[in-house]
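So the chains spell out like this:
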Amino acid sequence: MLERVFGLMTVVFLFVGCAKMRTEPWPAAIVSISGFSSEEETSVRSALTDLNQSSGKIALLVEGESAKSAFPISISKREPPPDAPNRAGLSTFDEIHCAIEISPKVFTVTYQSYLKSVIWHEVGHCGGLVHTTKLGALMYPTTEPFFDYSKGDLSDFLAALFSAAGLK
Ligand SMILES: [Zn+2]
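This text gives an overview of the structure that appears in the document. Just so you know, these numbers come straight off a predicted model, no measurement behind them.

For helix H3 (residues 151–165), built from 15 residues, the straight-helix expectation of 21 Å at 1.5 Å per residue is met to within 8% by its first-to-last C-alpha distance of 21 Å. Among all positions in H3, only Phe 157, Leu 158, Leu 161 and Ala 165 are buried. Along H3, the residues classed as buried sweep out an arc of 95 degrees about the axis, all on the same side. Away from the buried face of H3 by more than 90 degrees, exposed residues Gly 152, Ser 155, Ala 159 and Ser 163 are located. Buried-residue contacts for H3 involve helix H1 (38–55) and helix H2 (115–126). Following H3 by one or two positions, Gly 166 adopts a phi angle in the positive range, close to 75 degrees.

Turning our eyes to something else, we now look at the pairing of strand S2 (residues 28–34). In this sheet, strand S3 (residues 60–61) lies alongside S2 in parallel orientation, the contact comprising 2 bridges. By the bridge assignment, Ala 29 is partnered in S3 with Leu 61. Each parallel crossover has a hand, and the one from S2 via H1 to S3 is right-handed. Where S2 meets strand S4 (residues 71–77), 6 bridges bridge the pair, whose relative direction is parallel. Bridged to Ile 30 within S4 is Ile 73.

Cut-off values and rules
Residues numbered from 1 in each chain as written. Predicted model: local features only at pLDDT ≥ 70, side-chain atom pairs only at ≥ 80, totals over all residues. Helix = DSSP H or I, 4+ residues; strand = E, 2+ residues; numbered from the N terminus. Expected span 1.5 Å × (residues − 1). Buried ≥ 20, exposed ≤ 12 C-beta atoms within 10 Å, placed from the backbone. Arc of directions from axis to C-beta. Contact = placed C-beta atoms within 7 Å. Pairing = 2+ DSSP bridges. Right-handed = clockwise from strand over helix to strand, strands pointing away.

Everything listed here is a matter of geometry and, on its own, says nothing about what the molecule does.
Structure representation (structure tokens):
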């Protein structure tokens, strides 16, 4: 049985909830995906489009067809700092953009089943969600393989994200 080894720490510039200062509601636009191999990038894009498809709404503009007013999100692969080696992802955001970093470890054979969980969690932060104390929820500070989340956990997450992000 796998231990939950990934910390999903979050740094929030300014103050918590500042994403609500956005004047435009989502959909957000994925404006760059950088630092990944082509195979990794395919997996990242798949996780993003799955979020749209799972919800039946366009929360994320993934293919570059973004409106100018869309909230911009960038995603890159970056090794976490030595003091946080198990950090799977990081979101840094303010009212005008959100930057997501994904650890290379999430693309290893051992942890690739965590990738979608990590991407959705970090997108959640970009939308203004904070961590929950509810064990097993997608916004819990540590993560699980995606298939371990229940349908209820996922629909709760999507509803909270759309509410926080102002998506109609
Ligand atoms: Zn987090």
